[in-house]
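Residues per chain are reported as follows:
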Amino acid sequence: MDSLIKEWAGFLDRCLESRVRADLFDAAAAQLHGKSPLPGPKLAGLLLKPRSAAANSLDPRIIIYLERLLALKKVDASDVLSAAFQFSRDHPPKTGDNALPSKEDSSKWHNPSELEEIVFHRLHKAFSTGERPATNTEALRTLIIASRWMSAMVTSHTSDSMIQAMAGLHQQPQQQSINVREALGMLVVGLIENVKILELLNRSQAKDVRKTFAQSLSTFIPFLSQTSLQYANRLEISQKEHDFHDKSLTNVNGESAENARLEVAALQLDAVIDPPIINTRAGLYVLLNSLLVARPLTDDFTILNYLHSRYKIDTQNIATDLVTASFDVLANAMYRSESSQSMFCLKSFLVNKIPILLTHPSLSTYPMTAELCITQALSHVDPNAFPAFSQGFDDIMGNNNSLSDVRQDFLNSCALHGLIPVNSVERLLGETPMQGPPETKYVKKDLLAQCKDNEKVNMFIDELENLDGNGGAIAVAVTEFISHLCETQMTMYLKTICNLLSRKPQALDVMLQFTSPASILRPLCQFLDEWRYEGDQGEYQPVYDEFGAILVLILAFVHRYDLTYHDLGINHDSFVAQLLERGHISVAPDDLTEEQGRHLGSWLRGLYDSDKEGLKDDVFASCRPQDFYLVVPTLFSQTVMACSAEVLSLDSVKGGLEYLHETFLLPSLVGGLTWMASHALKQTHQDLDVLMQIFHKLIRSAPTSGDAQAMHSTIISIVSRRLEKCFRTLKKRHPNRTDIETLLQAIKGNLNYERSAYASMTEMDQWTSAPHNTLTSSLRHTVQQLSHWPSPASLQLNPPSYTHRLIYACLSILGAYKTLCAIVDEIKAQTEAGNGAAALDIGVCLICAPSIENSPLSVDVAAPTPPRTRSNLREILKDQFDNATSLMSSDTVAAETIVRLHRRVEAQLVVVAQAGLQAPQIDLPDVGMVDVQAQNLPDIDIKAMNDAAAATIAAAGGELDMNKESLQRELDQHLDLSAAGGGLDLSGMGVGASGAGDMSAGMGSLQDLDLGGMGDMDMGLGDDDDAWGLDFSNL
């Protein structure tokens, strides 16, 4: 261990002396850790150990390197907190250590208080957002250290005050000391409000930790209130809410009076009587709205498991209510004047998806008469929204958004799938249908055979937009056929299919109603990752053509549905994941690797060198497509700079940009235009005239070929939202410019491409513009309207206006806690008005509704569970339920409402989860299915924690995947390494040499906390140097 400490100490000291950049430190630290792994507490201690006896200022590089070690998972939160405490002035001295620090005894040196303040604030952010803890071990040890630090701070500062009082001095605490107190208080708030921490503290195995934490908190709050009453009050509220009181202060009978009161309240809550369970018409209406508001979340098993959790085995009502709710959602969209794309998506769900759900084996297991269910459902449909043909003809001629054909299309689809006889369509429709069902019912197996043998896939893709009931079979067949083409590397055919799909956004909507983004796109992404030039490659330009067609389809999906690489089921180091992360960010020339510099120079010469005849094939041969697309923003940046500086003439630039209108380079406009839109909004340059000229060239000058025109239109649609924001902002800044409006008109037909879950400004104005109207009041009004919407047997047929975007807006702006409070308050009001059962069902459906992020239900079994970004309504409700006893004395009805709501939500979601365990796995051959595992914290075994942590250390040690040759060169330059051509040689830094000094003595005191090695954790705090919220550029 001593040799490892010496090695790391020399490495860290040399990095700090040489001011090594963060990315170089990343690689060097990862490589050294793979060779010489050091436990997290020791490593954090070496970095945070004071390097002089009178350090009054903070070295910002320490913070940056600390952030990198956290991101690399070499240390965790408890390691950082432990090391910071070890070298804090608050740390209690050992016996005989009361003397002042000396320059000879480094173990008594202290860090500046600014370091402690920054560490507290950064860890508060990590715990309050749910990024940490990654493990129970990290959680417990962080609580232990935080408890000790609170007690030590109180003791240390109280002792100083007493000494000053005895000396006749009455000095106020310095501002920096107050800042550190407040920062520690905020960290404790973040710990208390963390769902995982609360879950851990409520377990019996952690009762000793809870007791110590409560005792420390009880002494820290009064101490903090002396200087920071606001922070102390917030801590006190959290203390009362979660009952973190010192139970050693008991009454005469040995029992806390407060605890006795809470026990009585708990008994009262256990006795709360639930209202009768009713399945309101609005409940399923809310569910379908949530499934279809943005990216379709219409997995068969998610929907059917949800329905069975509500209706149990009552398949007759399941079918009737499902059809009714589908018509309700479509009628609501018409009344709300939703876009034609939204209307098509809802029509497709009704016509293509609902009949397939009704024929699912889980519904046919129990008795159900489909024709009777459909008849009952159609009797509940709003006739004003779905008129007869004779009535709807006038609306069609008047260009109104008539739904007169929807009932016919739905009934024909039901006949196609055998739910009703064909001769029943006219009777159910009430008039002679304009057309009958398709002659052939498509089956996936037959479609695949035709695609492979007769190359009919293009025709089937065209039929995806037909609302005839065959969309599901086509979508699944096309998805599997794409996977087959990737497996067999039939690139020419894959190019044709991708080109056809990317120009049909409505076809993408239909496909995602029957499959998932990962099922479609993961094979394509993996195919692009593995794309290599062949040794006997003849021409290289066609490779770019095929690569670009696949990439445009992926980007069309990603931008239309706001997908992340997690949604695609790919790794972070995948090409597509890297493109999404940095494919719109230019790189400064000094930061380019040697290889990137060669690629950039080759493309600049190829595009703009007037002495050459054109873009030669050797430019394509020297740069893989993956490398080209990552350097595109830098290419645009250098072009704009060169043109502004008149190094390149505008005519030369326009001539070179002509190549970007060819299909083999057109996809580069996504990254290029995105960079330009961002750069144009900066007010630190004089490039606007050049930028506008380039914008006009790339946007308004359409390509010549038909395929290029279609791809160009798709790409402009992909970036239209960013372009519109850019142009409207520039128009406000420069009202006299006339060339901006023409650009806005040019992209007008490409706007509204995204299927977003987030509200438009028009909707936000509707919810908040009325007097005394807020998002909270709008949400409460919506819950009220839904609660009063009668059952399907009622004569009131038109649905209340609703969009699930309201819930997304509330969660995004108000947060999950305030959103839940609004729902609970309205349910409480409806309960007092005698409508509690219906309101409770609405609340349950809102909380259990699937969502595109932080969903309470699994929405995609083909991709790994995406990382959580914040608590959802279910988790906040659980937290409120755990603290309902403290609410009994002040608001009994609210406490009872929370208890009833929590019971119903958990009962419903437990049934859904249990049913989901039996769902069959999606068959995606040869695409590397990623196992989906639960992310819950395991049960605590305190006795085995240290063993588990040691095992984690043994399993750690991966290296970053970087350009090793370039990295070695940069490291040689910055760290003066002796071995320029081999592996990382740290001997030049003094690591392991006598000059490094013996650091083990100073590290020995870390054993005081008895925390042991904690190893590699599974959660980072981000990859950016400025993730701490600090700006050291001017230091």
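These numbers were taken from a predicted model, which means no experiment stands behind them. (Residues numbered from 1 in each chain as written. Predicted model: local features only at pLDDT ≥ 70, side-chain atom pairs only at ≥ 80, totals over all residues. Heavy atoms only, no water.)

How would you explain the overall build of the chain if you had to name every residue and give the values?
Across its full length, the chain holds 48 helices and zero strands. Looking at the chain residue by residue over its 1035 residues, the buried ones come to 54%. Contacts in the chain between residues at least 24 apart in sequence constitute 79% of all its contacts with a sequence separation of at least 6. Roughly 45000 Å² of accessible area belongs to the chain as shown, and the carbon and sulfur atoms make up 50% of that amount. (Helix = DSSP H or I, 4+ residues; strand = E, 2+ residues; numbered from the N terminus. Buried < 20%, exposed > 50% of the residue type's maximum accessible area, 1.4 Å probe, protein only. Contact = heavy atoms within 4.5 Å. Areas by Shrake-Rupley, 256 points an atom, 1.4 Å probe, with all protein chains shown as cover.)

So what's going on with helix H33 (residues 625–644)? Residues and values would help.
Helix length check: H33, at 20 residues, gives a terminal C-alpha distance of 28 Å against a target of 28 Å (1.5 Å per residue), a fit within 8%. Of all the bends in H33, the greatest reaches close to 45° and is centred on Val631; the proline Pro633 follows between one and four positions later. Burial of H33 is extensive: 18 of the 20 residues sit out of reach of the surface. After H33 finishes, the residue Glu646 shows a positive phi value of roughly 60°. (Expected span 1.5 Å × (residues − 1). Bend = angle between axes of the 7 residues up to and from the residue.)

Tell me about helix H38 (residues 739–747), residues and numbers included.
For H38, the full list of buried residues reads Asp739, Ile740, Leu743, Leu744 and Ile747. Viewed along the axis of H38, the buried residues span an arc of 145°, placing them on a single side of the element. Against the buried residues of H38 lie helix H36 (688–700) and helix H37 (706–733). (Arc of directions from axis to C-beta.)

Pulling in residues and values, what's your account of the nonpolar core?
Ranked by size, the top nonpolar core spans 115 residues in total, and within it Leu501, Leu524, Trp603, Leu673, Phe695 and Phe727 carry the most contacts. Here this core takes 13 residues from helix H28 (residues 541–561), the largest share from any one element. Setting aside its immediate chain neighbours within four residues, Phe695 contacts Leu673, Met676, Ala677, Ala680, Arg700, Leu723, Phe727 and Leu743. (Core = buried A, V, L, I, M, F, W, Y, C linked by side-chain atoms within 4.5 Å.)

Quick one: what's the story with the packing of aromatic side chains, residue by residue and with numbers?
The final tally for this structure, using the stated rule, is 27 aromatic pairs. With a centroid separation of 5.4 Å and 90° between ring planes, the pair formed by Trp603 and Phe620 is classed as edge-to-face. Of this pair, Trp603 sits in helix H31 (residues 594–608) while Phe620 sits in helix H32 (residues 617–621); the two residues are 17 residues apart in sequence, bridging distant segments of the chain. Like Trp603, the residue Phe620 is buried in the burial classification. (Phe/Tyr/Trp six-rings, centres within 6.5 Å; stacked < 30°, edge-to-face > 60°.)

Before we move on, could you go through the environment of Asp825 and cite the residues and values that matter?
Structurally, Asp825 can be placed in helix H42 (residues 816–832). You can call Asp825 partly exposed: its relative accessible area is 31%. For the pair formed by Asp825 and Ile898, sequence separation is 73 residues and the distance between their alpha carbons is 9.7 Å.

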